Amino acid sequence: MKTIQLFPLELRRLLQSRLTWLIVLLTVLSPLAGLILYKPASASTMLSIYLANPALAGGVGGGILFGLLTVFELDRAHRSRVAVLMDAVVSPLCMALVRLLALLAAALLTLIVTMLVWFPISWVLIGSVFGGTDYVLAYLLFMGLALPLSILAAASAYQMTRRADLSLVLFAAFAGLSLTIWTDHWQLCWLNPSVWALSDDFSNFRIFRSVAYMRLTWLAALAGIWTLSYLCVRQYGKGLLGSLARNMRQVYRPMISLLLLTCSGTAYAVQPMVDHSNPDESVMSFYDLPYLEGILCSGRTAQVYPNTTAGTVTGRATYQFQNTSGQAQTVAFGIQPGYTISSVQANGANVPFSVGDYQEYNEVMLEVTVPAEEAVELAVEYSGFPQENRNLSTMQGAAEISTEYLCLENAALAPRLLNVLPDEGMYPATVEVILPSSMMVIPFGTNEAEIVAEHEDGTSTWRYEDNGVGGILYAGDYIRQDIQTDGITIQFYYGRKHQAVMEEAGAVNAVKTVVDYCTEHYGPLSFSTGGTLKLIQSRVSGGGYASNGASLLDEADFTAANLRDSSKGAIPGEVMIHELVHQWWGLGNMFDSFDNTNPWSAEGLTVYTTYRIVKELYDEEYAQKHYVEQWQQAVDDYYLNFYVRNTEYLAGLPEEEQLQISNSLAYVRQYCEMPLKILKAQELVGGEEAMDQILNSLFNRELNWSYPYLTYQEFLDACGLTEEDLTLV
Amino acid sequence: MEIRIQNVSMTYPNGKQALKDLNLDLQTPSLIGLLGPNGAGKSTLMKLLVAALMPTSGSIQVDGMPLAKTDRLLKAQLGYLPQDFGLFDELTVVQFLDYMVALKGLRDPKTAIQEVIRAVNLEEKAKAKIRTLSGGQRQRVGIAQALLGNPPFLIFDEPTVGLDPEERIHFRNLFSQTAQNRLVLLSTHIIEDVQSVCDQLVVIDHGRILFTGTPAQLIQAAVGHVGVFWEREVTQGQGLHITSRVNTSQGIRCRAVADTLPAYAQPEEPSLEDAYLYLILQEAIQ
């Protein structure tokens, strides 16, 4: 009661301090660092650049500032010797609680002011893909919760040590751990959560859930530690242990601390976000399982019910087996580690099953004993919250399930059969999925999904046929545009939120132009079978992949910022062309992405091809001015660069600066020097037509599967040139 | 209000024994002067009474209830001015008092603040920032915060330090008026402060109570032990404690206390200061 009465008083006193307002001001400004200095979200989406990074920087900056303020304020009464007056009126324990609440209220006020100040700025910077929900959640979770955590940590340090200097050292060490040693552990980064990307065009609930989980785990931990430190608040002239012993007499206090710490420890240990996949990714034991003899799989079905609110999946999968062995067989499936199996039935009867502990590549093994009957229909019921691969735990977000987007891959869709061969070489599958009617279902491959039922609750049942043990399903709030090109029909799927950007960039024309040009000059894409190709814009994932009949376009390549990148094209439409050319030069096994500083990369041939398309679309003068002259200028500057001419000095710079310069130089070499070299090679081999033939042969070359990547040497050999021939100086 | 201190001892963690087996009863209304040399245990006793310390042994009872269990109740009835205290420098006098009023949970803060500001003569500085105040003015703010809400139990530890003579007289009178229906404990080095206003004295030294009673009783105990003489007459000074020397045209006139006055000393009517010094001297001899 006294605490409630004193809270507004202490808050008012806190807000009368100039230091408090300085801290508030600096915290409100701290997101600015996310635009300039501190950019942990490395993806190039607009929300990563203009929302995630500022909010994360705000969290780190604000957290540290409020930690300092906390120590200063808690020490203030003792430093100014007012505590002796206050302790005679109010219990020090009561005041400790009141001060904490006042600091938390000041932090909340600061967060609100920060959000109000940055709302219009973010809106303008992010543009048409700005979303209010993303904005609020990003600031609440990435920034907002950092402030109470810092306050609790700093207050705990002070209450335990009762020394400002020592508390500051302890707080700095705790914050430093989060910013350095713990950065690879998503659960330990209490100050700077592991956020590498936010999607512009689709939702981000998965990463928000992950950050919220981490923050709440720490909130319980630090609240527990604070409660423990509360017991150390000095009373009756006693020291640390004396006060602790006295304050613990009221048993509920240590019990609360213990309860909070237990909750936190449990939450840490049983986190649902990330699996326990083997970190050694060279081990692929699930793929090495020997196939069972005397049993074949003749078909399978799956009914999948994603819960787009909770982010969970419920499903029922059936498998038809022909067991001619005359004995029971143990069939193995790979299942999503986040799923639990509620029942397994063979021909309507429950059969024993077990789920192993070992996990690998985001799968855990389910073993089921199939009875010794000839025809067996095995039904597996499963449900749960999909977990992500722990080897990518600092890049979470892929398991997004919402009304805007979902991607269910292989075991996340339905248990994946591991050790039974198919009948007649295929695993015919019928997959049904129930989703909100606003979502479009896109099976990744040649198959088409169709709506088979519409329900009163606003959902629809989609069905499609598939072949194989796994399968990938995309669904979301997509727009589909069919583009007729020479030879194939492109089904172009992109997020509804991205419509304005795509239209501004002339996406449809760019697709048609690129497909026509590249098909004519280099040949059709190997995966565009059956006369159609799905081009699916995916949620930001760090890259794309292709399969028969479908290819992914990472949304990060089509952001408004990227489409304005003049090194890729003079206007957004040309950048769109650049990104689509990557379907020929850059997808799958085309280039070894091991060394991103290597000048020979997907970018050289892609930039060169973009130049050729632009030259054909407009005229030579335009292409010369906006491409060749630009490259030449950048390369001339590159050869004059101090650190290029004196590489020994580069090594002497601080690591971060070194990296920044070498990245910038690598960029010039990939985007400018290499296209110039290809242009020179074009001249040396006899012109554009000859180069087109060479590139056509390289694109359609026979792959060496032990190292399928196209190398610079292969390119030189195909041109009949040496490295020296293409030297530019 | 009745406070009973029974067999209270206090030993600090560093081993220093500040109070030894102390027994004392305090009752409303009274203005009790607490006297004793530096390090006698006065401040320790006051800290025990405001529950800033817990006794090592013994008990303190407030209205029959152990202080350890009723410290919240005690704090609600207490006005305390410690010897060494600070203020929030960035606040004005009124803001600081407003803060203390709220801490005390008083119902009519404006009136309470106006009353104490008037009582300590700080009307002109009411809106001044505390950092701009002189030492004496800060001391007056300290007294003001103790008086807020007319608490029934007041403890002042060296309240007149830093005040000019005129202010000291003013505050003596204020304490005297305040104590008419309350329990006021006044600790001081300045005998004049207690002489004129306190109806009861407690003399403490080396953690023990040497005397409890009225000032008159203390003075009475020193009768026959205070004398004056010319310094030139002194033949042997053993057992003689000179309390003052005054230069006169005829030489230096000394005033002293002693268990047995020498023959050359002319007996004098003892003052409270003489009586106090005599008591301390006796303790030192023992």
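Please read these numbers as outputs of a predicted model, since none were measured by experiment. (Residues numbered from 1 in each chain as written. Chains lettered and ligands numbered in written order. Predicted model: local features only at pLDDT ≥ 70, side-chain atom pairs only at ≥ 80, totals over all residues.)

### Focus on the overall build of chain B
Okay, so step 1: Across its full length, chain B carries 9 helices and 14 strands.
Okay, so step 2: The C-alpha radius of gyration of chain B comes to 21 Å, within 12% of the 19 Å expected for a compact globule of 286 residues.
Okay, so step 3: Taking the principal axes of the C-alpha coordinates as reference, chain B spans close to 65 × 45 × 35 Å.
Okay, so step 4: Taking all 286 residues of chain B together, 44% fall into the buried category.
Okay, so step 5: The contacts in chain B between residues at least 6 apart in sequence include a share of 67% that link residues at least 24 apart. (Helix = DSSP H or I, 4+ residues; strand = E, 2+ residues; numbered from the N terminus. Rg over C-alpha atoms; globule rule 2.2 N^0.38 Å. Buried ≥ 20, exposed ≤ 12 C-beta atoms within 10 Å, placed from the backbone. Contact = placed C-beta atoms within 7 Å.)

### A few points about the overall build of chain A
Okay, so step 1: Helices and strands together make up the secondary structure of chain A, namely 23 helices and 21 strands.
Okay, so step 2: The globule rule puts the C-alpha radius of gyration for 729 residues at 27 Å, and the 30 Å found for chain A is close to it.
Okay, so step 3: Overall size of chain A, expressed as C-alpha extent along the three principal axes, is 95 × 75 × 50 Å.
Okay, so step 4: Residue pairs in contact within chain A that sit at least 24 positions apart in sequence constitute 74% of those at least 6 positions apart.

### Observations concerning the packing of helix 10 (residues 205-230) of chain A against helix 12 (residues 252-269) of chain A
All names here are of chain A.
Okay, so step 1: Remark: helix 10 packs on helix 12, axes separated minimally by 8 Å, with the N-to-C direction vectors making an angle of 155°. By the angle between their directions, the pair helix 10 and helix 12 is classed as roughly antiparallel. Our pair here, helix 10 against helix 12, has a crossing hand that is left-handed. Contacts from T217, A220, A221, A223, G224, T227 and L228 of helix 10 reach helix 12 at R253, I256, S257, L260, L261, C263, S264, A267 and Y268.
Okay, so step 2: Taken together, the residues that form the contact of helix 10 with helix 12 break down as 10 nonpolar, 5 polar and 1 charged. (Axes fitted to C-alpha atoms, helices over the stretch in contact; angles between N-to-C directions. Parallel < 35°, antiparallel > 145°, perpendicular 65-115°, else oblique. Left-handed = near helix turned anticlockwise from the far one by under 90°. Nonpolar A, V, L, I, M, F, W, Y, C, P; charged D, E, K, R; others polar.)

### Side note on the domain arrangement of chain A
Residues and elements named next belong to chain A.
Okay, so step 1: Segmentation of chain A into domains returns domain 1 (2-269), domain 2 (295-475) and domain 3 (502-528 + 537-726).
Okay, so step 2: Computed over C-alpha atoms only, the centres of domain 2 and domain 3 are separated by 39 Å.
Okay, so step 3: Opposite the 8 residues of domain 2 that make contact, domain 3 presents 7 residues.
Okay, so step 4: Among the residues making up the side of domain 2 that touches domain 3, the classes are represented as 5 nonpolar, 2 polar and 1 charged. (Domains from an automatic or database assignment.)

### Side note on the domain arrangement of chain B
All names here are of chain B.
Okay, so step 1: Once the domains are mapped, chain B shows domain 1 (2-214) and domain 2 (219-285).
Okay, so step 2: Each of domain 1 and domain 2 was reduced to a C-alpha centroid, and the two centroids are 33 Å apart.
Okay, so step 3: Residue assignment for the side of domain 1 that touches domain 2 shows that the elements contributing at least two residues are helix 7 (191-195), strand 9 (200-205) and strand 10 (208-213).
Okay, so step 4: Of the residues in the side of domain 1 that touches domain 2, the class split is 6 nonpolar, 1 polar and 1 charged.

### A few points about the interface of chain B and chain A
Okay, so step 1: Taken residue by residue, the interface counts 27 residues in chain B and 20 residues in chain A.
Okay, so step 2: Put simply, the parts of the chain that give the side of chain B that touches chain A at least two residues each are helix 2 (67-76), strand 6 (78-81) and helix 3 (93-104) of chain B.
Okay, so step 3: Ranked by residue count, the leading element in the side of chain B that touches chain A is helix 3 of chain B, at 5 residues.

### So, helix 8 (residues 215-222) of chain B
Residue and element names in this part refer to chain B.
Okay, so step 1: Regarding helix 8, the residues found buried are P215, L218, I219 and A222. Across the axial projection of helix 8, the buried residues extend over an arc of 100°, all falling on one side. In this structure, helix 8 carries A216 and Q220 as exposed residues pointing more than 90 degrees from its buried face. (Arc of directions from axis to C-beta.)

### Here we look at the pairing of strand 8 (residues 375-384) of chain A
Residue and element names in this part refer to chain A.
Okay, so step 1: Bridge analysis of strand 2 (residues 312-323) against strand 8 gives 10 bridges, and the strand direction is antiparallel. In the strand pairing of strand 8, Q322 is matched with A375.
Okay, so step 2: Note: strand 4 (residues 339-346) against strand 8, 7 bridges, orientation antiparallel. For A346, the partnering residue across the bridge sits in strand 8 and is L378. (Pairing = 2+ DSSP bridges.)

### Some words on the sheet that holds strand 16 (residues 472-476) of chain A
All names here are of chain A.
Okay, so step 1: Pairing is antiparallel across the open sheet formed by 3 strands, whose spatial order is 9-16-13. Of all the strands in the sheet, just strand 9 (405-409) and strand 13 (440-443) have a single pairing partner and so form its edges. Averaged over all pairs of adjacent strands, the angle between their axes in this sheet comes to 15°, without regard to strand direction.
Okay, so step 2: As defined by bridge partners, strand 9 adjoins strand 16 across 5 bridges and the pair is classed as antiparallel. Bridge assignment links E409 to a residue of strand 16, and that residue is I472.

### Thoughts on the packing of helix 8 (residues 146-161) of chain A against helix 9 (residues 164-179) of chain A
All names here are of chain A.
Okay, so step 1: Contact geometry of helix 8 with helix 9 gives a least axis separation of 8 Å together with a crossing angle of 140°. Crossing handedness for the pair helix 8 and helix 9: right-handed. Contact with helix 8, carried on its side by A153, A154, A157, Y158 and T161, involves A164, L166, S167, L170, F171 and F174 of helix 9 and no other residues of that element.

### Some words on the nonpolar core
Okay, so step 1: Counting residues in each nonpolar core, the largest one holds 179 residues, and the members touching the most others are A:A52, A:F142, A:L222, B:A144 and B:L186.
Okay, so step 2: Counting residues in each nonpolar core, the second largest holds 113 residues, with A:V344, A:F444, A:Y494 and A:Y611 among its members. (Core = buried A, V, L, I, M, F, W, Y, C linked by C-beta atoms within 7 Å.)

### Regarding the sheet that holds strand 6 (residues 353-360) of chain A
Residue and element names in this part refer to chain A.
Okay, so step 1: A sheet is described by the order of its strands in space; here 4 strands give the open sequence 6-7-3-10, paired in antiparallel fashion. Two strands bound the open sheet, and with one partner strand each, they are strand 6 and strand 10 (416-417).
Okay, so step 2: Direction of pairing for strand 3 (residues 329-335) relative to strand 7 (residues 363-370): antiparallel, over a ladder of 7 bridges. Bridge pairing links I335 to V364 in strand 7.

### Here we look at the pairing of strand 6 of chain B
Here is the key point about a regular strand: its side chains alternate between the two faces of the sheet.
Residues and elements named next belong to chain B.
Okay, so step 1: Of the two faces of strand 6, the one holding L78 and Y80 and the one holding G79 and L81 are both buried throughout.
Okay, so step 2: As defined by bridge partners, strand 6 adjoins strand 7 (residues 153-157) across 4 bridges and the pair is classed as parallel. Paired with L81 across the strands is F156, a residue of strand 7.

### Considerations on the environment of B:P159
Residue and element names in this part refer to chain B.
Okay, so step 1: Along the chain, the position of P159 falls in the loop between strand 7 and helix 6 (165-178).
Okay, so step 2: Spatially, the C-alpha atoms of P159 and K104 are 21 Å apart, while their sequence positions differ by 55 residues.
Okay, so step 3: With near-sequence residues (within four places) excluded, P159 lies in contact with L81, I143, F171 and L186.

### Brief notes about unusual backbone geometry
Note: most peptide bonds trans; most residues except glycine with negative phi.
Residue and element names in this part refer to chain B.
Okay, so step 1: Following T28, the chain continues to P29 via a peptide bond in cis, the omega torsion being -5°.
Okay, so step 2: The topology assignment puts P29 in the loop between strand 2 (17-27) and strand 3 (30-35).
Okay, so step 3: Its identity as a non-glycine residue notwithstanding, N121 has a phi of 60°, on the positive side.
Okay, so step 4: You can see N121 is positioned in the loop between helix 4 (109-119) and helix 5 (135-147).
Okay, so step 5: C-beta crowding within 10 Å serves as the criterion here: with 16 such atoms nearby, N121 is assigned to the partly exposed category.
Okay, so step 6: The backbone phi angle of H206 is positive, close to 50°, even though this residue is not glycine.

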